[in-house]
Amino acid sequence: YWRDASLNSLDGAMKGFVWCQLFFCLIASSWHDCVSLVVKEVTVQIELVMRHVRTCLSLLLLQVECQWNSLGLSPCLMGPRHRRDIVLTQALSGLVTCFILHLKEHLIQSTFIQQLSQLGFLAHWESLLSTHGDEMGMLEDCSAAVDELNKILTFKLVQAEDNEMPVITGTRLSLLVAVPLKPSIFRLIPLELQQGRPIRVSVVLFSQGINEQQTFADRFGDSGLQNVINIESMSRLETYYENYRDLLSLR
């Protein structure tokens, strides 16, 4: 009720403002006086609207907080840090699984092992999310996870007797994943990796929305996030390719 009444009063005030400005423009002595008067009054009305919006948002935040309190939860759980942790752990699980499977499949290839040692591990992710509606938030989370993995994550190969699980150590600023290898396999990798040289990570994400929501965003909305993600990933991929080409030329 408060929202409807408030919006109706605001709508009535704006209509009255328009009629007043038309009246003053008719009796104004010059066009310059008319424009100056309108600009001044528009500024005042904008300040009133902003005050009204701030009040609405404050009441909305109070309502959300009351709902969280009724569930016995804290609103801070939805803060940026908590959201980052959730996204990062999901992305980290997928990347660690991908690394282990790729390592087992190509471990006997000397070129691949040298690539890991000198350039790091290249991972490619693909997204079909659109830049419209709820999928925009999903794409933002995915992009943030990729950026974090490129900044803070490294792998290390360690020797283990049994089939142990990978061990993750570190903080939010730096994560190290120790991947265990059997002794018979561990002795085949380069000496620098045996001595604990960290393996860097280069994750690239390419996104292309393919549904009707992306078509709507391309025509009437904003697809800038998708373009930024693809441009940054392409630049990172080109850098990795140039380094890989230089590495092959030295062989």
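About the cut-offs
- Residues numbered from 1 in each chain as written.
- Predicted model: local features only at pLDDT ≥ 70, side-chain atom pairs only at ≥ 80, totals over all residues.
- Heavy atoms only, no water.
- Helix = DSSP H or I, 4+ residues; strand = E, 2+ residues; numbered from the N terminus.
- Buried < 20%, exposed > 50% of the residue type's maximum accessible area, 1.4 Å probe, protein only.
- Contact = heavy atoms within 4.5 Å.
- Areas by Shrake-Rupley, 256 points an atom, 1.4 Å probe, with all protein chains shown as cover.
- Pairing = 2+ DSSP bridges.
- Patch = residues over 30% accessible without salt bridge, like charges linked within 9 Å, V, L, I, M, F, W, Y side chains within 5 Å.
- Salt bridge = Lys/Arg side-chain N within 4 Å of Asp/Glu carboxyl O.
- Phe/Tyr/Trp six-rings, centres within 6.5 Å; stacked < 30°, edge-to-face > 60°.
- Axes fitted to C-alpha atoms, helices over the stretch in contact; angles between N-to-C directions.
- Core = buried A, V, L, I, M, F, W, Y, C linked by side-chain atoms within 4.5 Å.
- Expected span 1.5 Å × (residues − 1).
- Parallel < 35°, antiparallel > 145°, perpendicular 65-115°, else oblique.
- Left-handed = near helix turned anticlockwise from the far one by under 90°.
- Nonpolar A, V, L, I, M, F, W, Y, C, P; charged D, E, K, R; others polar.
- pLDDT = per-residue confidence, 0-100.

Bringing the overall build of the protein into the picture now. In terms of helices and strands, the protein carries nine helices and five strands. Each helix and strand of the protein, ordered N terminal to C terminal, gives the series α-α-α-α-β-α-β-β-β-α-α-β-α-α. Out of the 251 residues in the protein, the part that is buried amounts to 27%. For the protein, long-range pairs separated by at least 24 residues make up 69% of all intrachain contacts whose partners lie at least 6 apart in sequence. With an accessible surface of roughly 16,700 Å², the protein has 60% of that area assigned to carbon and sulfur atoms.

Most of strand E4 (residues 174–181) sits out of view: six of its eight residues are buried. Inspection of the sheet shows strand E3 (residues 167–171) paired to E4 by five bridges, in the antiparallel sense. If you follow threonine 171 over to E4, its bridge partner there is serine 174.

Right, let's get into a nonpolar patch on the surface. A cluster of nonpolar side chains, contributed by Val42, Ile46 and Met50, occupies part of the molecular surface with about 240 Å² of accessible area. Note on valine 42: relative accessible area 31%, which makes it partly exposed.

The next point concerns the packing of aromatic side chains. In this structure the tally under the stated criterion is two aromatic pairs. Between phenylalanine 99 and phenylalanine 155, the aromatic rings sit 4.0 Å apart at their centres with planes inclined by 10°, giving stacked as the arrangement. Taken as a pair, phenylalanine 99 in helix H3 (residues 80–106) and phenylalanine 155 in strand E2 (residues 153–159) lie far apart in primary sequence, 56 residues in all. Its relative accessible area of 1% is what places phenylalanine 99 among the buried residues. Ring pairs connect the aromatic residues Phe99, Phe121 and Phe155, which therefore count as one cluster.

A separate point is the sheet that holds E2. One open sheet accounts for five strands, arranged E1-E5-E2-E4-E3; its pairing is mixed. At either margin of the open sheet sits one strand with a lone partner, and together these are strand E1 (121–127) and E3. Neighbour-to-neighbour, the strand axes of the sheet open up by a mean angle of 30°, direction not taken into account. Docked against the sheet, helix H9 (residues 224–249) engages E1 and strand E5 (199–207), running at close to 140° with respect to E5.

Take the nonpolar core next. Ranked by size, the top nonpolar core spans 35 residues in total, and within it Leu95, Phe99, Leu103, Leu153, Phe155 and Leu157 carry the most contacts. If you list the elements that add at least two residues to this core, you get H3, helix H4 (110–118), E1, helix H5 (134–152), E2, E4 and E5. Counting residues per element, this core draws most heavily on H3, which supplies nine residues. With residues up to four places along the chain from it excluded, the contact list for leucine 103 reads Phe112, Leu116, Leu157, Val179 and Leu181.

Compared with the 27 Å implied by 1.5 Å per residue over 19 residues, the 28 Å span of H5 between its first and last C-alpha is a close match. Taken together, the buried positions of H5 are Glu135, Gly137, Leu139, Ser143, Ala145, Val146, Leu149 and Ile152.

What follows deals with the side chain of serine 117. Looking at where serine 117 falls in the secondary structure, it is placed in helix H4. By relative accessible area, which is 4% here, serine 117 ends up buried. Setting aside its immediate chain neighbours within four residues, serine 117 contacts Glu192, Leu193 and Arg197.

Orientation of H4 relative to H9, taken along the N-to-C sense of each, is 125°, at an axis distance of 11 Å. One element, H4, and the other, H9, form an angle in the oblique class. Helix-helix and strand crossings are classified by hand; for H4 and H9 the assignment is right-handed. Residues Thr111, Gln114, Gln115 and Gln118 of H4 touch H9, and the partners they reach there are Tyr240, Tyr244, Leu247 and Leu248. Along the lines of polarity and charge, the residues of the contact of H4 with H9 split into four nonpolar, four polar and no charged.

A few words on H9. With 26 residues, H9 should reach 38 Å at 1.5 Å per residue; the first-to-last C-alpha distance of 38 Å fits that figure. Of the residues making up H9, those classed as buried are Gln226, Ile229, Ser233, Tyr240 and Leu247.

Let us look at the confidence of the model for the protein. Summarising the model, the protein shows a mean pLDDT of 79, and 76% of its residues fall at 70 or more. Throughout residues 1–10 the model reports pLDDT below 50, and contacts reaching past four residues in sequence, or to other chains, amount to seven contacts.

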